[in-house]
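Geometric and topological summary
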Amino acid sequence: MSAEPIWRRYKRWWGPDVESDVDEEFEFHIGLIADRLEASGLGREEADRRARVEFGDAARARRMCGEIGKQRLERTRRSERVARWTQDLRYASRALAKRPAFTAAVVATLALGIGANVTIFSLFNAVLLRPLPGVSEPESLVQLGRTQGGDGFDTFSYPDLADYRETSRTLAGVAGSWSTAVHLSTGRETERVDAAVVSGNYFDVLGVRPALGRGYLPEEDEAAAGVRAVVLGYGLWQRWFGGERSVVGATVRLNGEPFTVVGVAPEGFTGTQIHSGVELFAPVSSLDGLSPESTLRQSRDAVWLMLFGRLAPGVGVEEAQRELTGIAQRLEREYPESNEERGIQVVAGVGVHPGIAEAARGFLAILFGVVVVVLLVACANVANLLLARAVERRRELAVRAAHGASRGRLLRQLLMESLLLAAMGGVAAVALAMVAARTLVRLPMLSELPVLQRVPLDWRVLAFAAAVAVISGLVFGLAPALRMSRPDLVSSLKEGTPGSGSTRARARTALLVGQVALSMVALVAAGLFVRTLQNLYGVDSGFDIASVAVASVDVGRQGYDDERGGRFFDELIRNVEALPGVEAAGLGTILPLGHGGWDTRMFADDRPIGPEDEGIKTDQNAVSPGYFRAMGVTLVRGRGISEADRADAPRVVVINQALTDLLWPGEDPIGERLRAGREGEPVEVVGLVADAKYRSLNEESRPFAYYPFQQMYSPSATLHVRASGDPRGVLPLVQAEVRALDADLPIYRAGTLAHWRDRSLGPQRAAASLVGFFGALAFLLAAIGLYGSMSYTVSQRTREIGIRMALGARVAQVAGLVLRDAAAVLVVGIVIGGLAALAVTRLLQGQLFGVQPTDPLTFAAVAAMLLVVGLAASQLPARRASRVDPVTALRSE
Amino acid sequence: MAAGEIDVMQGTLDLLVLKALTGGPMHGYNVLAWLRETTDGALRVEDAALYPALHRMESRGLIESEWGLSENNRRAKFYQLTPRGSEELGREAEGWGRYVEMVGKVLSAGPEPTWRPA
């Protein structure tokens, strides 16, 4: 049993009082000397005195012996403690191995409960905790955001970047980048790739070491124009160049201009934002060749660069914040026209914009809430199983107590079993979580985060799993262990008396009620998210989303001038309209429900514009004549955009109802004139269209203006094609038409409008599916718990049931007895859970659409479902109870 | 120091005690008594100094102890050799023998060292 030899245990009684033992030993020795001296004729007293002298330095010897004894005692205690733990562990594993079914059920339940938490944590870790891949010393990196009047976290102008970089002492470096898209071509083919236009010190400040070649040189930043150098992303290098090292020095074309490849970024590095998958890095000084907006580097008005910095050694965020605020104030004084109200905010860490981080934290908090419910329900199930087992083990534990095991020792052994179960559950949970995480990242929204392409199993995830496992082990193990280790020797040894069963039954009932209540909360939350999603899908977008396919092209990045571009789009539209299965086709520069919008301030031309007049913030789009028909936009008055609205024709606009209501409430706007901006040229309103949802399905009505595409040319545009059948069917035809006109022109955002609508609902869909899934999991576990508990009760009450049946109770009555118990648990749990849900769902208010957090329908539906499924789960044990044969039941005791 | 008495060095005392215990369990007084008798009283060791040596050896597992009754019916602590102690005794005794042999060889060599450094 013990690693300790038997003799050492007898030593224990010697152990605790080392000093008196030594004294006794010395006295015995001195006594013998005295005996000898007395025998040689000395008086007893004198003999005793001389004996002490002869014995020598007793104090010193006593000290030395005491020292040796104490060390020895400590050693013994330590090894005994180790021996006790290993013994407990061995005892626990043997106890678990003896009941494999029980052990498997507990481990599986815990694997689900802990696994759900580890899964969500591993996403949290990948998005918010893990440092940006590829950068060195991420802890000293900071993001810089422009504030306007104290608010926001936005982009900066290039001259501002230069000023912060030159003046700051608290930051060892300040760098910036701008995310854009470029058309990359090697001569064989052209592809549109996500790119970052970066300052010359970008790689240096991040501490990103190129996998091949070099990064940029700071002086390449300052070069007036024409640094034609490009660093390829690792993925692009693999995809396009097969990882060929000779790529350094090769020439590629970006938007038609030749660039020399100078380096390759390290694997995993895709820019400073985890949600962007940058594949190519070009220096700011190449901008004149990259885009027509070539004045970007001189203007303080143009704010386009995301900034980040590296803290100087020993400097904290607050110190940097103080210094940079000072610099911002100086810039405000020096350049009041551009920099008025402009401030700066310093935030630790790069990778996630603070606004996105906040949204992500809110989303993850909801998910954590639900998975914690799953874990609690799982723990309650396990506790219930342990309590049921307590009855079986009463005798075993009583015997062990009778053999002298203290209550503490029993408690420790029982807890050891729980911790062992938790540890096994934790290991299974990590394996489960890794599989689950791989499935989860394919969900809407999550699948678009490049950073989630690999969900790492790092030390943070493992530490979290271990912590959750230990805490769960204590949560589900402590109460049953305390109960089981309680010394009620006599009643337990008298086998056969059901004894102390009522408190145990009460504890089990309380656990069941708790599980039902927790499931209720989780399912109500899930129900509210599902209703939100339903409501969003039910919103009338004002567009005929289901029959439209879209595809975008950007001829500007392909080197077309405006005239050639105009001809290209004319021809494309004509050809696409002629395609079989196409009912209408139109161009637009903004994809609805896609990527935000573009707004200006509108003024009515028929009244004076006061100095305080802010105008109406209005979103706008430039569309070709077929657009309204293709998108199913309802024309209320006047006319739509027509072929006649050419660049040289009088300028016209079509506005929506919301803008009309704000500028000319109750009037007919046709023939009125609008100005875009104070100094804008007046434009005649020729049509009025019904409102639609432009940026997102849950927006309030938004003022909107449509201009003729020909009068407001854009080199990049989206083709909107209305199909008579499935819009997916016309997509390949449309793509073929684009290629027929320019085989090299990349097509992007090709898909159905419904797909882009679904994508815009990514967060809501993710919330509904994840909260729904975990809510259902929690309830499934609770139902299993209810089933198990009812089955157990029936098996315990076999005798009672037998007596009732012998006394003439009908089968239905006996089954009803069990169902009544289950119904009581369910009803009490639903009521408690309903009250708790009322308190909790208020926190979800901001995430809901078209449904109140207290939505009675959701509450009622969830309650009904819990009741029905719960009773169904108890049906089987009830039927078993009714099949009890009275004779066998009575004979069994 | 009386003439003819020899001080016992620390490590040597352990060896002597182990040897003393080969005869069976003994309490401290008897260990010393046996040693004195065997050396015809030439061995000089302070009685008190015996005990740290005994306790240290017990702690190292070379000997073990048990309380029992002495010849005169008093509670006394008896020490006994463990198997490990026996092994240790064998090893130490052999080492001691080699040491004595070496010292003897040197001392019985000729009157002058015949070897000189080159």
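Residues numbered from 1 in each chain as written. Chains lettered and ligands numbered in written order. Predicted model: local features only at pLDDT ≥ 70, side-chain atom pairs only at ≥ 80, totals over all residues. Heavy atoms only, no water.

**Here's the deal with the overall build of chain A**
The secondary structure content of chain A amounts to 27 helices and 22 strands. Whereas a compact globule of 893 residues would reach a radius of gyration of roughly 29 Å, chain A reaches 39 Å, over 25% beyond that. Each of the three principal axes of chain A carries a C-alpha extent, and together these read 140 × 90 × 55 Å. Relative to its 893 residues, chain A shows a buried fraction of 50%. In chain A, of all internal contacts separated by at least 6 residues, the share reaching a separation of at least 24 is 81%. When the accessible surface of chain A is summed, it comes to about 40,300 Å², and 56% of that surface belongs to carbon and sulfur atoms. (Helix = DSSP H or I, 4+ residues; strand = E, 2+ residues; numbered from the N terminus. Rg over C-alpha atoms; globule rule 2.2 N^0.38 Å. Buried < 20%, exposed > 50% of the residue type's maximum accessible area, 1.4 Å probe, protein only. Contact = heavy atoms within 4.5 Å. Areas by Shrake-Rupley, 256 points an atom, 1.4 Å probe, with all protein chains shown as cover.)

**Describing the overall build of chain B**
Within chain B, the secondary structure is distributed over 4 helices and 5 strands. Listed by position from the N terminus, the elements making up chain B come as β-α-β-α-β-α-β-β-α. The long-range fraction of contacts in chain B, counting pairs at least 24 apart against all pairs at least 6 apart in sequence, stands at 51%. For chain B, the accessible area works out to roughly 7,200 Å², and carbon and sulfur atoms hold 57% of it.

**What to know about the side chain of B:Asp14**
All names here are of chain B. Looking at the element boundaries, Asp14 is found in helix H1 (residues 10-21). The charged side chain of Asp14 is buried without a salt bridge, its nearest counter-charge being Arg60 at 4.5 Å. Setting aside chain neighbours within four positions, we find Asp14 in contact with Ala53 and Met57. (Lys, Arg positive; Asp, Glu negative; His and termini not counted. Salt bridge = Lys/Arg side-chain N within 4 Å of Asp/Glu carboxyl O.)

**A word on a negative patch on the surface**
All names here are of chain A. Residues Asp570, Glu571, Glu577 and Glu643 make up a contiguous surface patch of negative charge. On the secondary structure map, Glu643 appears in the loop between strand E16 (635-638) and strand E17 (652-656). Given the relative accessible area of 55%, Glu643 is considered exposed. (Patch = residues over 30% accessible without salt bridge, like charges linked within 9 Å, V, L, I, M, F, W, Y side chains within 5 Å. Charge placed at Lys NZ, Arg CZ, Asp CG, Glu CD.)

**Thoughts on the nonpolar core**
Judged by nonpolar contacts, the single largest core of 144 residues is most densely connected at A:Leu280, A:Phe281 and A:Leu452. The residues touching A:Leu452, leaving out its near neighbours within four places in the chain, are A:Leu123, A:Ala126, A:Val127, A:Val441 and A:Leu446. A:Ile30, A:Ala34, A:Phe55 and B:Leu43 belong to the second-largest nonpolar core, a separate cluster that totals 41 residues. (Core = buried A, V, L, I, M, F, W, Y, C linked by side-chain atoms within 4.5 Å.)

**Structural notes on the packing of helix H4 (residues 58-98) of chain A against helix H3 (residues 47-59) of chain B**
Following both chains from N to C, one finds H4(A) and H3(B) inclined at 10 degrees, their axes separated by 8 Å at the closest point. Regarding the angle of H4(A) to H3(B), the classification is roughly parallel. Together, A:Ala58, A:Ala61, A:Met64, A:Cys65, A:Ile68, A:Arg72 and A:Arg75 of H4(A) and B:Ala48, B:Tyr51, B:Pro52, B:His55, B:Arg56, B:Glu58 and B:Ser59 of H3(B) make up the contact between the two elements. Across the contact of H4(A) with H3(B), the residue classes break down as 8 nonpolar, 2 polar and 4 charged. (Axes fitted to C-alpha atoms, helices over the stretch in contact; angles between N-to-C directions. Parallel < 35°, antiparallel > 145°, perpendicular 65-115°, else oblique. Nonpolar A, V, L, I, M, F, W, Y, C, P; charged D, E, K, R; others polar.)

**Quick look at the environment of A:Val475**
Residues and elements named next belong to chain A. Along the chain, Val475 falls in helix H15 (residues 459-484). Classification of Val475 by relative accessible area gives partly exposed; the value is 48%. When the C-alpha atoms of Val475 and Ala172 are compared, they prove to be 49 Å apart, with 303 residues separating the residues in sequence.

**A word on unusual backbone geometry**
Positive phi outside glycine occurs at A:Glu137, with the angle close to 45 degrees. Topologically, A:Glu137 is positioned in the loop between helix H5 (100-129) and strand E1 (141-148).

**What about the interface of chain A and chain B?**
Of the residues lining the interface, 27 residues belong to chain A; the matching set on chain B comes to 24 residues. Contact between chain A and chain B buries roughly 2,400 Å² in total, counting both sides, with carbon and sulfur atoms accounting for 57%. Broken down residue by residue, the surface that chain A buries against chain B is led by A:Glu25, A:Phe28 and A:His29, which jointly contribute 27%. Our count for the contact surface shared by chain A and chain B stands at 4 salt bridges. With a shortest N-O distance of 3.8 Å, A:Glu25 and B:Lys77 are connected by a salt bridge. Counting residues per element, the ones that place at least two in the side of chain A that touches chain B are helix H2 (18-39), helix H3 (44-55) and H4 of chain A. With 12 residues, the top contributor of residues to the side of chain A that touches chain B is H2(A). (Buried area = accessible area lost by both parts, 1.4 Å probe.)

**A short note on the pattern of salt bridges**
Scanning the entire structure with this criterion turns up 45 salt bridges over all chains. For A:Glu46, the salt bridge identified is with A:Arg49, shortest N-O distance 2.9 Å. Linking A:Glu46 with A:Arg49, this pair stays in helix H3, spanning 3 residues, or about one helical turn. Take A:Arg49: its relative accessible area is 47%, and that puts it in the partly exposed class. The closest approach of N and O atoms between A:Glu583 and A:Arg722, which form a salt bridge, is 3.1 Å. Here A:Arg722 lies in strand E21 (residues 716-723) and A:Glu583 lies in strand E13 (residues 582-588), a separation of 139 residues in the sequence. A relative accessible area of 18% means that A:Arg722 is categorised as buried. By sharing partners, the salt bridges in this structure join A:Glu27, A:Asp35, A:Glu38, A:Arg44, A:Asp48, A:Arg52 and B:Arg74 into a single network.

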